Amino acid sequence: MLGRVPATPTHRTVGELMSSPPITATPSELIAEASDRMREHRVGSVVVVDGRRPIGILTERDLVRFAAAGGDAVGTKVAEWMTEEPDTVAPGVDAADAFSSLAEHGYRHIPVVEGGEVVGVVSMRDLMRVAQIQPVTHPGAIEAPPGLKGVVVAETKVGDVRGLEGFYHYREFSAVELAAKRTLEDVWFLLFEGRLPTAAERSAFVDEIAEASVLPDAVRRVLPEIAAGSTTVMEGVRTAVSLLGAVRGMRPTIDIGHEERRRDAVAVCAAMPVLIMAVHRLMSGQEPIDPRPELGYGASYLWMLTGTEPDPDVARAVEQYQMTTIDHGFNASTFTSRVITSTGADVAAAVVGGMGALSGPLHGGAPSRALDLLDAIGSPERARAYITDRVQAGEVIMGFGHAVYKTEDPRSNFLRDVAERIGAEKLPFAGEVERTVVDVLAELKPGRNLYANVEFYAGVVMDHCGLPRQLFTPTFASSRVIGWCANILEQAAENRIIRPSARYVGPPPPQPVPDA
Ligand SMILES: CC(C)(COP(=O)(O)OP(=O)(O)OC[C@H]1O[C@@H](n2cnc3c(N)ncnc32)[C@H](O)[C@@H]1OP(=O)(O)O)[C@@H](O)C(=O)NCCC(=O)NCCS
């Protein structure tokens, strides 16, 4: 028998739900008599008693089995078909507890027993109703903070961010040092293969990328339609990546091996810059321009924008921006890509999901807004009043603050240096605005440690390099896709579906569904 579990005041007990007095029968009664009594009282069972002591239960189900066996109801005793020594429950037990401990047995009716005597019968259906309106408990569940802030959800060898130190790394190398010393393709190789390439590997990898950057005709043909139907470059490219996945026959990651997944990942990453520039040019009424990989990654990117060979310093600045944004811990878009991969979906599906997450202003959609901020301020002397008003109105200042960095963002520092090196026109003004924003936020939001993030100087650099604002977020995506794919490959290699839980806080179910 399920013992006494003290019921909490808000919970209901078995005693409150049971039918009492119970309908009973004796073991020597005929099945026909017991069955008539059940029908008369409209109950699904009778408790078989010896005096008041329960010794069995006879249910509708037993009667159905009896009839199916061709039994003779007037010649057979209850004792022959009852279930002997049924599980019982005490009236003081919490209904939800009774339900969870009895549900697995498949009983429909449970005798309620107190002091060895039957005092009622409770149906599992009644117990279930009550059990369901209790808040659901997830056995062993761990309560995570909103936004999963600070929660470690996976192990990775791709890279990490150390927010308090203002440091981040790809594999075992400082990302900023890689951006200063290496090419984008080297870092891409590092993220995919786990080590920097040799000279021979570099040249083979550059060739592989060049080949993969040629768009299939079936994608190229449809791009004008996609561009015509899009309001932002990100939307158009998101659609095109989805199509590319289909055209390249990308299969669920769960059905294929590492080599095929890697091939798909290279195909998506190599196509991304080409798709970005093609959609952008088509949206502005111009023909797409094919890439020229021999110019180098950043230079080919700018070539596809204008059709002229860019200044090498400018091309390097764009490439360095792209390198600094390849990966950055378990940010929202990377996490999204991993969640999608964890379902076994194909590489393109995971990248499309990542693009959706990146497009939000709180993630990658902000860089153009940081420049818009500079425009709105207009001149240095207006900065303090403008920023103060905005913050006092409860707005966030775009390009400042970070979910992980609580000190200066190393990407912002690096890009400030890049902006200085290329002589970006907006740099002096941006520097003054940065100082003012940091001061005002320190005064109005003390202790929050808010500094310029990657977006602030990214806008200044891209603007100088001739990238229009509508290409800021897509340019972020042009290289972040490499980080997504490194994470996709890692997730697929050691997969476990990512499936957390939520606490339901709506009206208690089940409420009756109103008639239509
Ligand atoms: C990036 C961002 C979403 C991080 O959010 P977060 O980690 O949740 O930061 P928090 O909300 O914990 O910030 C702590 C406090 O600082 C405030 N704050 C954070 N960023 C701020 C900003 N840019 N301007 C004004 N206040 C800001 C928050 O309102 C919060 O205030 P409160 O304590 O009074 O509620 C947030 O800083 C932001 O919206 N920045 C602007 C958008 C942007 O630049 N995005 C690109 C990121 S790379």
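What you see is a predicted model; the values in this text were computed from it and never measured. (Residues numbered from 1 in each chain as written. Predicted model: local features only at pLDDT ≥ 70, side-chain atom pairs only at ≥ 80, totals over all residues. Heavy atoms only, no water.)

Moving on, we get to the confidence of the model for the chain. Predicted coordinates in areas of low pLDDT are best not read in detail. In this model, the chain carries a mean pLDDT of 92, and residues with pLDDT of at least 70 account for 96%. Here residues 1-9 is a poorly scored stretch, pLDDT under 50, and it has 24 contacts once near neighbours within four places are set aside; other chains count. (pLDDT = per-residue confidence, 0-100. Contact = heavy atoms within 4.5 Å.)

Spatial ordering of the open sheet is given by β7-β8-β9, a layout of three strands whose pairing is antiparallel. The sheet is open, and its two edges are formed by β7 (159-162) and β9 (173-174), each paired on a single side. With two bridges joining them, strand β8 (residues 167-170) and β9 adopt antiparallel strand pairing. Note that in β9 the partner of H169 across the bridge is S174. (Pairing = 2+ DSSP bridges. Helix = DSSP H or I, 4+ residues; strand = E, 2+ residues; numbered from the N terminus.)

This paragraph deals with the sheet that holds strand β1 (residues 24-25). The strand order across the open sheet built from four strands is β1-β2-β3-β4, with neighbouring strands paired in mixed fashion. With one partner strand each, in any of the chains shown, β1 and β4 (83-84) form the two edges of the open sheet. Here β1 runs beside strand β2 (residues 45-50); their pairing, made up of two bridges, is parallel. Pairing of A25 across the sheet is with V48, part of β2. The strands touched by helix α3 (residues 60-68) within the sheet are β3 (53-59) and β4, with β3 carrying the most contacts at an inclination of about 55°. (Axes fitted to C-alpha atoms, helices over the stretch in contact; angles between N-to-C directions.)

All right, on to unusual backbone geometry then. Put simply, S20 and P21 share a cis peptide bond, and its omega is -5°. Among the structural elements, P21 can be located in the loop between α1 (14-17) and β1. Across the junction of P509 and P510, the peptide omega takes the value -5°, indicating a cis bond. Within the fold, P510 resides in the segment after α22 (472-493). Positioned with a positive phi, R171 is a non-glycine residue whose angle comes to about 50°.

Let us now look at the layout of surface pockets. Counted as a void, the largest pocket has a volume near 1600 Å³. For the lining of the largest pocket, the secondary structure elements donating two or more residues are β7, α15 (332-342), α21 (454-464) and α22. Per-element tally for the lining of the largest pocket: the top contributor is β7, with three residues. Within this model, the second largest pocket holds a volume of roughly 1100 Å³. Lining of the second largest pocket is provided by 30 residues; of these, V152, V153, A154, I498 and R499 occupy positions nearest its centre. (1 Å grid on protein atoms, 1.4 Å probe; cavity = no way out; pocket = protein on both sides within 12 Å on 5 of 7 lines; lining within 4 Å. Points joined across faces, edges and corners; volume = space filled by probe spheres on them.)

Further remarks concern the packing of aromatic side chains. Within the structure shown, the criterion is met by eight aromatic pairs. Consider the rings of W188 and F192, whose centres lie 6.2 Å apart with planes at 75°: the pair is edge-to-face. With W188 and F192 both in helix α8 (residues 184-193) and four residues apart, this pair spans about one turn of that helix. Judged by its relative accessible area of 0%, W188 falls in the buried class. Classification of F192 as buried rests on a relative accessible area of 7%. Aromatic pair F330 and F335: ring centres 5.9 Å apart, planes at 40°, arrangement tilted. Here the aromatic cluster, defined as three or more aromatic residues joined through ring pairs, consists of W188, F189, F192 and F205. Of note, R292 hangs over the ring of W303, and the distance from its end group to the ring centre comes to 4.7 Å. Between R411 and the ring centre of Y168, over which it is positioned, the NZ or CZ distance is 5.9 Å. (Phe/Tyr/Trp six-rings, centres within 6.5 Å; stacked < 30°, edge-to-face > 60°. Buried < 20%, exposed > 50% of the residue type's maximum accessible area, 1.4 Å probe, protein only. Lys NZ or Arg CZ within 6 Å of the ring centre and 35° of its normal.)

The next thing to look at is the side chain of T59. Within the secondary structure layout, T59 lies in strand β3. By relative accessible area, which is 15% here, T59 ends up buried. Setting aside residues up to four positions removed in sequence, T59 forms contacts with M38, G44, S45 and H109.

Following the criterion strictly, the structure yields zero disulfides and no others. C269 carries a free sulfur, and the closest cysteine sulfur to it, the one in C485, is 3.6 Å from it. Owing to a relative accessible area of 0%, C485 belongs among the buried residues under this scheme. (Disulfide = S-S within 2.5 Å.)

Further remarks concern the pairing of β8. In the sheet, β7 pairs with β8 via four bridges, with the strands oriented antiparallel. Residue pairing for β8: R162 is matched across the bridge by F167. Turn length for the β7-β8 hairpin, with the two strands adjacent in sequence and antiparallel, is four residues, and the turn residue G166 shows positive phi of about 65°. As consecutive antiparallel partners, β8 and β9 are separated by two residues, and within that stretch R171 has a phi angle of approximately 50°, a positive value.

What follows is about helix α10 (residues 217-228). Those residues of α10 not exposed but buried are V219, L223, I226 and A227. When α10 is viewed along its axis, its buried side chains cluster within an angular range of 85° and face the same direction. Exposed and oriented more than 90 degrees from the buried face of α10 are D217, R221, E225 and A228. Residues of α10 that are buried make contact with α11 (233-247) and α12 (258-283). (Arc of directions from axis to C-beta.)

On to the site of the ligand, then. Near the ligand you find 20 residues, and of these K149, I397, G399, F400 and R448 are the closest. At a separation of 2.8 Å, an oxygen atom of the ligand approaches a polar backbone atom of G399. Spatially, the ligand is embedded in the largest pocket. Of the residues that constitute the shell around the ligand, the class distribution is 10 nonpolar, five polar and five charged. (Near = heavy atom within 4 Å. Polar contact = N/O pair within 3.5 Å; in protein donor to acceptor, adjacent residues only side chain to side chain. Sits in = over half its atoms within 2 Å of the grid points. Nonpolar A, V, L, I, M, F, W, Y, C, P; charged D, E, K, R; others polar.)

Another point: the pattern of salt bridges. Across all of its chains, the model carries 27 salt bridges by this definition. Between R37 and E29 there is a salt bridge whose closest N-O contact spans 2.3 Å. Of the residues examined, R37 reaches a relative accessible area of 22% and is grouped as partly exposed. Accessibility expressed as a relative area gives 14% for E29, which makes it buried. Between R384 and D439 there is a salt bridge; the shortest N-O distance is 3.9 Å. With R384 in helix α18 (residues 383-392) and D439 in helix α20 (residues 427-444), the pair connects residues that are 55 residues apart, well separated along the chain. When its relative accessible area of 40% is taken as the criterion, D439 is described as partly exposed. Through salt bridges with shared partners, a single network forms among R182, D186 and R202. (Salt bridge = Lys/Arg side-chain N within 4 Å of Asp/Glu carboxyl O.)

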